[in-house]
Amino acid sequence: MELTSNLFSILDEMEHEQVVHCFDKETGLRAIIAIHNTVLGPSLGGTRVWKYSNEADALQDVLRLSRGMTFKSSISGINLGGGKAVILADDNVKRDERYWRKYGEFVNSLGGRYITAEDVGTSTKEIEYIFKETKHVAGKPFHLGGSGDPSPFTAYGVYVSMKASWKKLTGNDSLSGVKVAVQGTGHVGQFLIEHLMSEQAIVSIADINQANLELVTSKYSTIQVVAPNDIATSDVDVYSPCALGATLNASSIPLLKCKVVCGAANNQLKDEVVDGDAIMQRGILYAPDFLINAGGVINCYIEATGEYSKEKTMHFIEPIYDKVIEIFNKSEKDHINPQLAAMAIAKDRIKQAKSKSMAN
Ligand code: NAD
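Residues numbered from 1 in each chain as written. Predicted model: local features only at pLDDT ≥ 70, side-chain atom pairs only at ≥ 80, totals over all residues. Heavy atoms only, no water.

Draft legend 1. Spotlight on the domain arrangement of the protein. By domain assignment, the protein separates into domain 1 (7-58 + 81-143) and domain 2 (151-294 + 321-346). In this structure, domain 1 and domain 2 have C-alpha centres spaced 27 Å apart. (Domains from an automatic or database assignment.)

In structure tokens:
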């Protein structure tokens, strides 16, 4: 898709409200913030740092990610809209405190329509710098009154979703002896592996980051390491994409050997209709990404309400198990793939909220 010269028609098609390009010559900051939908509340989504091959790829990523955040918050029953930011990483630019504070100024200029948090490439350290310039931040470190890294909550949601998917498939939700291939051993992947190992699943992993792999294998000597290019198509029961998006596409789907796909990565399906249908036709259960990886945004939401407690977060995360089974049942009944089934539920909540606010 030709994004840069055709932006308004893309925004029309994807139904975005606002896209902001942030540029600062002095620090070298180049960022894009996309606000997809604010019907349910202010948009919230992390800031991703990535070395994109070109600006169009960065724009496409932020548009897809922010749209996914809208569905994620909606289906989770929290009062947030969808937004996301990407930072175009550049080896010649130092991302120091000054850089992050400049980015914080841009977030602040949106007056709370966008609340930022961690994503790939950002941690509580960067959040702390951003927070010096704006209060529209979640996932703050504990010493600043925040709830810390949201990844353990994301990982827990993925873990219970994997159990629910296995239950749907076999009638039993124990993952003991189940072979799980985890792609990406970063923040979420590591916490997910902890849950899987404590339930005696048979785990294999892949990562392009050697240090992360070593961190995991030094803790669990029985875990098998697989080459990054082979993990998605390895002979396992469950493939768990916990790295980047679009790993489920026309090339990989025909080669999948798993029975279930259930992972933390956002936008796992390159195309939610074509690839979602292709997985379903192969008889593989695909657990919708934005539903099962919502633990992090839920935790950020509870923090943003100003009355944080872990119990409140878990109150929204535990039901993910039943929602996953509900979506698989809806998918069967309506003959649509699970991603589309989940999107229908998410869109319906927004539609109802919109008609309610128009009636008032
Ligand atoms: P992270 O950056 O900490 O970890 C990602 C890991 O994937 C890294 O170790 C990286 O080296 C690895 N990786 C990248 N490309 C790879 C490849 N081709 N093959 C194998 N490994 C590769 O990120 P994270 O916070 O763990 O998030 C992982 C995914 O989950 C992302 O897609 C993110 O958007 C999504 N997600 C994260 C959260 C959260 O709470 N952190 C919440 C929702 C969704």
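Draft legend 2. Quick look at the site of the ligand. The ligand sits among 24 residues. The nearest are Arg 48, Thr 154, His 187, Asp 207 and Ala 243. Between the ligand and the protein, one listed contact pairs an oxygen atom with a side-chain N or O atom of Asp 207 at 2.6 Å. The separation between an oxygen atom of the ligand and a polar side-chain atom of Asn 266 is 2.8 Å. Here the ligand loses 87% of its free accessible area of 830 Å² to cover by the protein chains. Going through the elements one at a time, α5 (151-170) and α6 (187-198) are the ones with two or more residues in the shell around the ligand. In the shell around the ligand, the residues fall into nine nonpolar, eleven polar and four charged. (Near = heavy atom within 4 Å. Polar contact = N/O pair within 3.5 Å; in protein donor to acceptor, adjacent residues only side chain to side chain. Areas by Shrake-Rupley, 256 points an atom, 1.4 Å probe, with all protein chains shown as cover. Helix = DSSP H or I, 4+ residues; strand = E, 2+ residues; numbered from the N terminus. Nonpolar A, V, L, I, M, F, W, Y, C, P; charged D, E, K, R; others polar.)

Draft legend 3. Local environment of the pattern of salt bridges. Summed over the entire model, instances satisfying the criterion amount to 22 salt bridges. Here Glu 55 ties to Arg 30 by a salt bridge, and the two come within 3.9 Å at their closest N and O atoms. Taken together, the residues span a long stretch of sequence, with Glu 55 in helix α2 (residues 55-76) and Arg 30 in strand β2 (residues 29-37) at a distance of 25 residues. Residues participating in the shared-partner salt-bridge network are Arg 48, Asp 61, Lys 84 and Asp 119. (Salt bridge = Lys/Arg side-chain N within 4 Å of Asp/Glu carboxyl O.)

Draft legend 4. Main features of the sheet that holds strand β11 (residues 285-286). On the basis of which strands lie adjacent, the open sheet formed by six strands has the order β8-β7-β6-β9-β10-β11 and parallel pairing. The open sheet has two edge strands, β8 (224-225) and β11, and neither has a second partner. Pairing geometry for strand β6 (residues 179-183) and strand β7 (residues 202-206), over five bridges, is parallel. The residue of β7 that forms the bridge with Val 180 is Val 203. (Pairing = 2+ DSSP bridges.)

Draft legend 5. Just the packing of aromatic side chains, in detail. For the structure shown, the criterion picks out five aromatic pairs. Judged by centre distance (5.5 Å) and plane angle (75°), the ring pair of Tyr 99 and Trp 100 falls under edge-to-face. Accessibility classification places Tyr 99 together with Trp 100 in one group, the buried group. Aromatic side chains Trp 100 and Tyr 103 sit 6.1 Å apart centroid to centroid with 85° between the ring planes, which places their arrangement in the edge-to-face category. (Phe/Tyr/Trp six-rings, centres within 6.5 Å; stacked < 30°, edge-to-face > 60°. Buried < 20%, exposed > 50% of the residue type's maximum accessible area, 1.4 Å probe, protein only.)

Draft legend 6. Spatial organisation of the sheet that holds β2. Pairing is mixed across the open sheet formed by five strands, whose spatial order is β1-β2-β4-β3-β5. In the strand order of this sheet, the two ends are held by β1 (18-24) and β5 (114-118), each with one partner. Between one strand axis and the next, the sheet turns through 25° on average, direction left out of account. Across seven bridges, β1 lies against β2 in antiparallel orientation. By the bridge assignment, Cys 22 is partnered in β2 with Ala 31. (Axes fitted to C-alpha atoms, helices over the stretch in contact; angles between N-to-C directions.)

Draft legend 7. Region of the structure containing the nonpolar core. In this structure, Ile 193, Leu 196 and Val 203 are the most contacted members of the largest nonpolar core, which totals 62 residues. No other element matches α5, which puts nine residues into this core. Mapping this core onto the domain boundaries places at least three of its residues in each of domain 1 (7-58 + 81-143) and domain 2 (151-294 + 321-346). If we ignore the near neighbours within four places in the chain, the residues touching Leu 196 are Tyr 159, Met 162, Leu 175, Val 180, Val 182, Ala 201 and Val 203. (Core = buried A, V, L, I, M, F, W, Y, C linked by side-chain atoms within 4.5 Å. Contact = heavy atoms within 4.5 Å.)

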